[in-house]
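Single-letter residue listing:
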Protein chains: 2
Amino acid sequence: MTCDKHTGAGAGKEVEFFMAKKKLGKQTVALETPPTILAEAGIVGTKEGQGPLARWFDEILTDDMYGETSWEKAESKLQKSAIQKALDKAKLTTGDIDYIFAGDLLNQCAGSHYALKDINIPFWGLYGACSTMAESIAISALTLDGGYADYTVAVTSSHFCSAEKQYRYPLEYGGQRPPTAQWTVTGSGSCVLASCGGGPYVTHVTTGKIVDMGIKDANNMGAAMAPAAVDTIAAHFADTGRKPSDYDLIVSGDLASIGTQITKELLAAQGYDLSANYNDCGNMIFYTEAQDVHAGGSGCGCSGVVFCSYILERLRRGELNRVLFVGTGALMNPLSLLQNESIPCIAHAITVQRSLA
Amino acid sequence: MTCDKHTGAGAGKEVEFFMAKKKLGKQTVALETPPTILAEAGIVGTKEGQGPLARWFDEILTDDMYGETSWEKAESKLQKSAIQKALDKAKLTTGDIDYIFAGDLLNQCAGSHYALKDINIPFWGLYGACSTMAESIAISALTLDGGYADYTVAVTSSHFCSAEKQYRYPLEYGGQRPPTAQWTVTGSGSCVLASCGGGPYVTHVTTGKIVDMGIKDANNMGAAMAPAAVDTIAAHFADTGRKPSDYDLIVSGDLASIGTQITKELLAAQGYDLSANYNDCGNMIFYTEAQDVHAGGSGCGCSGVVFCSYILERLRRGELNRVLFVGTGALMNPLSLLQNESIPCIAHAITVQRSLA
């Protein structure tokens with residue numbers, strides 16, 4: 001097939017609707033046959049198990065080493081267990097899964113690679129920092145809706161100890177954490193998606209752009225990520241013609257207390273009032289004050305377990321019908337910060353709806 | 001839409017063809033409207049510019065710092081330039097691009113994030129180590145064929161100095177490189193894909209599984225990656241019913257001399273004779289002996305520039321019609337190796353064809 005229209009500058013524009021028929025505006029796609037989230041699982045560490053969402057998780061570790069000999073191996077085991085639990089709930093085996101989409105915070109996404117090295121499922125590696133849960137579900141949804149798969153798995157993880165060691169200070173050093181710091185969640189969230197099913201459905205995907213407002217403090221990721229969340233949420237509303245009140249819940253992950261406040265203020269300035277139905281996974285997973293986590297939770301595992309174990313279950317119970325899940329990631333590299341670079345950030349949003357009726 | 005068939009164990013199987021209509025076998029999809037690679041660009045460092053492919057590259061650096069103050073910043077600039085050159089050739093601007101798919105070898109894919117932080121295009125971050133060029137083109141192709149985009153960009157990069165520093169030894173240390181070691185290419189390859197055009201076309205995508213045969217030597221990545229390449233190439237032939245002779249060229253990237261030999265032997269044992277039309281980007285980019293690169297080239301930038309600057313141009317000239325490009329990645333993490341883990345590897349394959357006639 002040839003198409004000469006496509007050989008000139010911007011030629012795509014006149015045929016945009018014809019060509020990219022599923023696009024709404026610049027950053028959002030509406031899925032033609034919205035994939036179903038068949039089943040999900042969330043496993044967390046001991047500290048997360050003492051938080052307000054404890055009863056929603058599938059498993060709470062009694063030892064954050066999870067019986068392994070390193071924090072990194074414990075993180076990989078978290079992913080493996082989260083995937084197996086989700087597969088069991090979906091009554092599927094690894095042989096039924098067409099693709100797995102995974103990523104984590106460890107250098108070279110080691111948490112995912114070692115978790116999945118024996119699972120024998122076609123694998124696409126992703127890196128979106130703390131936006132990875134949204135990214136993996138989003139690309140899963142495109143793959144299913146596009147007719148490339150029947151079943152996919154989306155998974156991510158983080159571990160407080162492996163993350164602190166890699167991004168900040170050796171734990172043994174006992175570095176002081178400033179009030180703006182977020183606490184990396186130890187946990188893994190996983191879900192199994194199907195091209196067809198009874199819901200909850202992924203109906204829209206709004207892909208974020210990298211946004212960098214110049215923040216250079218790795219201990220203030222909320223402030224760094226907030227503008228990316230604002231950019232994506234505003235794009236979602238502009239592309240879909242929806243407003244905040246069209247959602248039962250708009251939930252970001254993970255901006256924590258500081259990023260949440262900034263996001264609300266910046267969106268209010270654009271005419272979007274999030275005061276009634278907005279929350280952030282980083283504010284939900286811990287008793288922020290009592291558990292001394294400073295600004296709140298963070299890490300791929302934070303939005304991973306809050307979305308999979310808590311939000312999806314509330315959708316299944318009918319307590320929520322339409323949710324906008326906005327995964328936010330600080331794409332920082334410790335070396336780049338030492339080279340005086342700032343923190344590029346991104347946010348990807350997906351709309352999840354209990355029923356299409 | 002609901003579908004009860006999809007709620008039981010393995011229920012997907014009976015409806016697999018109906019559901020995932022574009023699947024051929026377990027790991028391959030055939031694209032319904034094969035996307036076109038509109039334009040491409042490859043930029044390389046000084047050493048690569050002294051190799052046998054020198055005349056094919058769009059730009060050869062005279063200084064591998066590329067006017068920047070760090071190797072990491074130079075790598076980001078390589079990506080930026082490669083993208084701009086490809087866009088210029090396609091007569092498109094960043095505003096025409098729906099999505100950019102990028103990744104690299106630096107921790108947290110910093111090369112890509114800093115390259116793209118001002119480009120203002122919806123971004124999906126990938127991590128596939130040296131398989132990233134194939135991964136980014138593959139997911140681009142699914143996104144275009146699926147109707148989610150008109151134009152996408154796929155890009156990756158590597159830089160010898162930033163990679164050695166991160167994965168092995170500080171350059172200043174002057175560590176000895178064993179004969180099995182590969183030389184990370186300094187370069188960036190980028191291509192612009194369109195949902196419709198005059199070719200070359202991406203017709204098939206074969207997604208790899210993580211394969212780990214227990215190699216623990218970061219200086220013998222070819223041996224570590226070869227089994228992953230074999231697994232994916234054999235899956236491609238099994239899924240499509242094709243044989244090696246159906247291709248003008250089967251090219252992997254980057255196994256170099258040792259991995260290439262192992263791949264040929266293992267595939268021969270499975271009845272696939274690659275003696276006539278198989279090569280590897282890591283063997284093509286340098287005068288391996290004369291330039292003292294030991295086993296050969298490696299790094300995302302190696303298969304990136306060889307595929308974009310050399311192989312695609314030969315397709316355009318009609319010197320090749322059908323190519324199987326197999327990106328191979330060693331998903332290693334230096335810390336995991338210190339923890340006595342082995343090297344998980346992956347290979348993703350795409351079929352690129354000059355004409356569909």
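Scoring rules and cut-offs
- Residues take numbers from 1 onward in each chain, read along the sequence in its written order.
- All chains are assigned letters beginning at A, and all ligands numbers beginning at 1, according to the order in which they are written.
- Totals for whole chains, interfaces and linings use every residue, but because this is a predicted model, local features are given only for residues with pLDDT of at least 70 and side-chain atom pairs only at 80 or more, for both listing and counting.
- Each side-chain value is derived from all of the structure's non-hydrogen atoms; neither hydrogens nor water enter the calculation.
- Working definition: helices are DSSP H or I runs of at least four residues, strands are E runs of at least two. Numbering for both runs from the N terminus.
- In this treatment the radius of gyration is a C-alpha quantity, and the globule benchmark scales as 2.2 Å times the residue count to the 0.38 power.
- Between buried and exposed lies partly exposed: a residue is buried under 20% and exposed over 50% of the maximum accessible area for its type, with that area taken using a 1.4 Å probe on protein chains only.
- Working rule for contacts: check all heavy atoms of both residues, and any pair within 4.5 Å makes them a contact.
- Using a 1.4 Å probe, the Shrake-Rupley method yields the accessible areas, and only the shown protein chains count as cover for residues.
- C-alpha atoms of residues with pLDDT of at least 70 in both copies form the basis for the least-squares superposition of the copies.
- Think of it this way: DSSP has to see at least two bridges between two strands before they count as a pair.
- Whether a crossover is right-handed depends on one test, that the path from the first strand over the helix to the second runs clockwise when the strands point away from the viewer.
- Count a disulfide wherever a pair of cysteine sulfur atoms falls within 2.5 Å.
- The convention is simple: Lys and Arg are positive, Asp and Glu are negative, and His and the chain ends are not counted.
- Only one rule defines a salt bridge in this text: a Lys or Arg side-chain nitrogen within 4 Å of an Asp or Glu carboxyl oxygen.
- For the purposes of these results, a polar contact is taken to be a pair of N or O atoms within 3.5 Å, where, inside protein, one atom must be able to donate a hydrogen and its partner to accept one; residues adjacent in sequence count only when each atom of the pair is a side-chain atom.
- Note that the domain bounds reflect an automated or database-derived domain assignment.
- A quick way to say it: buried area is the sum, across both parts, of accessible area lost when two parts are put together, with a 1.4 Å probe.

A. Here's a closer look at the overall build of chain A. Summing up its helical and strand segments, chain A has ten helices and 15 strands in all. Taken over the C-alpha trace, chain A has a radius of gyration of 19 Å; the compact-globule value for 357 residues is 21 Å, and the two agree within 12%. Seen through its C-alpha atoms, chain A measures out along the principal axes to roughly 60 × 45 × 40 Å. Going through the 357 residues of chain A one by one, you find that 70% of them count as buried. Partitioning the intrachain contacts of chain A with sequence separation of at least 6 by distance along the chain shows that 77% fall at a separation of at least 24. For chain A, the accessible area works out to roughly 11000 Å², and carbon and sulfur atoms hold 51% of it.

B. Examining the relation of the copies chain B and chain A more closely. When chain B is brought onto chain A, the operation consists of a screw motion whose angular component is 180° and whose axial shift is 0.0 Å, with 0.0 Å RMSD remaining. What we have between these two chains is a two-fold relation. When the interface residues of chain B are mapped onto chain A, 100% of them again fall at the interface, so both copies present the same face.

C. Local environment of the environment of Ala115 of chain B. Residue and element names in this part refer to chain B. Tracing the backbone shows Ala115 in helix H3 (residues 110–116). Here the alpha-carbon distance between Ala115 and Leu255, two residues 140 residues apart in the chain, equals 27 Å. Apart from residues no more than four positions distant in its own chain, Ala115 is found in contact with Ser76, Gln79 and Lys80.

D. View of the pairing of strand S11 (residues 249–253) of chain A. Residues and elements named next belong to chain A. Most of S11 sits inside the fold, with five of its five residues counted as buried. Taking every second residue as pointing to the same face, both faces of S11 are buried, with Leu249, Val251 and Gly253 on one and Ile250 and Ser252 on the other. The sheet contact formed by S11 and strand S12 (residues 278–280) spans three bridges and is parallel. Paired with Ser252 across the bridge in S12 is Asp280. The handedness of the S11 to S12 crossover, carried by helix H7 (residues 256–269), is right-handed.

E. Seen up close, the state of the cysteines. All names here are of chain B. By the definition in use, this model includes zero disulfides over all chains. Cys345 takes part in no disulfide bond, and the closest cysteine sulfur to it belongs to Cys130, at a distance of 9.6 Å. By relative accessible area, Cys345 is classed as buried at 0%.

F. Spatial organisation of the side chain of Glu48 of chain A. Residue and element names in this part refer to chain A. Along the chain, Glu48 turns up in the loop between strand S3 (36–44) and strand S4 (59–60). Buried charge without a salt bridge: Glu48, with Lys47 as the nearest opposite-charge side chain at an N-O distance of 7.5 Å. Side-chain polar atoms of Glu48 contact the backbone nitrogen of Gly45, separated by 3.3 Å. Glu48 has contacts with Phe57, Trp183, Thr184, Val185, Thr186, Ile285 and Phe286, leaving out every residue within four places of it along the chain.

G. Up close: the domain arrangement of chain A. Residues and elements named next belong to chain A. When cut into domains, chain A gives domain 1 (30–193) and domain 2 (200–353). Summarising the inter-unit geometry, the C-alpha centres of domain 1 and domain 2 are found 17 Å apart. Counting from both sides, the interface comprises 59 residues of domain 1 and, opposite them, 59 residues of domain 2. Taken together, the two surfaces of domain 1 and domain 2 that pack against each other cover about 4500 Å², and 65% of this comes from carbon and sulfur. The largest share of the area that domain 1 buries against domain 2 comes from Trp56, Cys130 and Gln182, three residues that together contribute 18% of it. Across the domain 1-domain 2 interface, the total number found is one salt bridge. Here Arg316 ties to Glu40 by a salt bridge, and the two come within 2.6 Å at their closest N and O atoms.

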